[in-house]
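What follows is the residue order along each chain.
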Amino acid sequence: IEGLKAQLAHLDDRGKRSNEREYNALTEIWEKFVDAYLSTQNCIHAFMEFPDLNKLSDVDLRTYLGTTDLSDTQRESVIQANDKVDVFAKTVRQRQIRKAGGDIFDARMLLRKKGVFVPDNISRLVQASLDVLSSAQVEQHMEIRHGFREGKSSLHLIQNGEKMFDELGAAMKTRLLATL
């Protein structure tokens, strides 16, 4: 009887740890997915508002650029450019696209590392959603680097992104509540 009690206690403890690992993996994956989703949306919509940099004095231009997230090298290339607005806009856009790519990569890496603790159906849903984000991000990268302008993946994300986000969120929420 004592042996059976010990086995049951061991299984109970293992079940609790397994549920905790699944819960933690799901919440971490969801958070990384949200980051990737939002940064990809940002690189697609790319709304920017800034002053006409070509009309600013050197002091005002340097002051304004100092308020941005641009590196010193990027700031200097804007200052030296003939068309400061064009260089600034392209630089910001490239940073947005790069951020989206990094966030998608981070979400994929986390799914690889923690996916073993996640049910297969959710893992597949996350992977498919990341594939949609990645296609749109790559398309944006190709456009800015090579002038390639197809727009299908970006348009697909614009039209279906919220539905995809909500479906994945609902699946995550259902599973997270089941692990409590």
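Summarised in this report is the structure supplied together with it. (Residues numbered from 1 in each chain as written. Predicted model: local features only at pLDDT ≥ 70, side-chain atom pairs only at ≥ 80, totals over all residues. Heavy atoms only, no water.)

1. Description of the packing of aromatic side chains
Put simply, the rule is: Note on ring pairs: Phe, Tyr and Trp rings are taken, using the six-membered ring of Trp, and paired if centres are within 6.5 Å. Classes follow the plane angle, with under 30 degrees stacked, over 60 edge-to-face and the rest tilted. Under the DSSP-based scheme used, a helix requires at least four consecutive residues in state H or I and a strand at least two consecutive residues in state E, with every element numbered from the N terminus. For every residue, the accessible area obtained with a 1.4 Å probe (protein chains only) is divided by the maximum for its type, and the residue is called buried under 20%, exposed over 50%, and partly exposed between those limits.
Taken as a whole and assessed by the stated rule, the structure comprises seven aromatic pairs. Centroid distance Trp30 to Phe165: 5.1 Å. Interplanar angle 50°. Geometry classified as tilted. Of the two residues, Trp30 is situated in helix α1 (residues 2–45) and Phe165 in helix α6 (residues 152–178); the sequence distance between them amounts to 135 residues. Look at Phe165 and you get buried, because its relative accessible area is 18%.

2. Considering the packing of helix α4 (residues 84–114) against helix α5 (residues 120–146)
Rules: What counts as an axis is a line fitted to C-alpha atoms, over the stretch in contact for a helix, and the angles between N-to-C directions run from 0 to 180 degrees. For classification purposes, an angle smaller than 35 degrees is called roughly parallel, one larger than 145 roughly antiparallel, one from 65 to 115 roughly perpendicular, and anything else oblique. Here a crossing is called left-handed whenever its near helix is offset anticlockwise from the far helix by less than a right angle, and right-handed whenever the offset is clockwise. All residues other than Ala, Val, Leu, Ile, Met, Phe, Trp, Tyr, Cys, Pro, Asp, Glu, Lys and Arg, Gly among them, are scored as polar; the first ten of these are nonpolar and the last four charged.
Two elements in contact, α4 and α5, have axes separated by 10 Å at closest approach and are oriented at 155°. What the angle tells us is that α4 and α5 run roughly antiparallel. Remark: the crossing between α4 and α5 carries left-handed chirality. Grouping the constituent residues of the contact of α4 with α5 by class yields nine nonpolar, eight polar and six charged.

3. Regarding the nonpolar core
The condition that has to hold: What we call a nonpolar core is a set of buried Ala, Val, Leu, Ile, Met, Phe, Trp, Tyr and Cys residues that are connected through their side-chain atoms within 4.5 Å. In this description, contact between two residues means that some pair of their heavy atoms is separated by no more than 4.5 Å.
If you look at the biggest cluster of nonpolar residues, it comprises 27 residues, and the most contacted ones within it are Phe33, Val126 and Leu133. Of all elements in the fold, only α1, α4, α5 and α6 reach the threshold of two or more residues within this core. Counting residues per element, this core draws most heavily on α1, which supplies nine residues. Discounting residues that sit within four places of it in the chain, Val126 has contacts with Ile29, Leu111, Leu168 and Met172. Within the second largest apolar cluster, eight residues are counted, among which are Leu61, Leu70, Phe88 and Val92.

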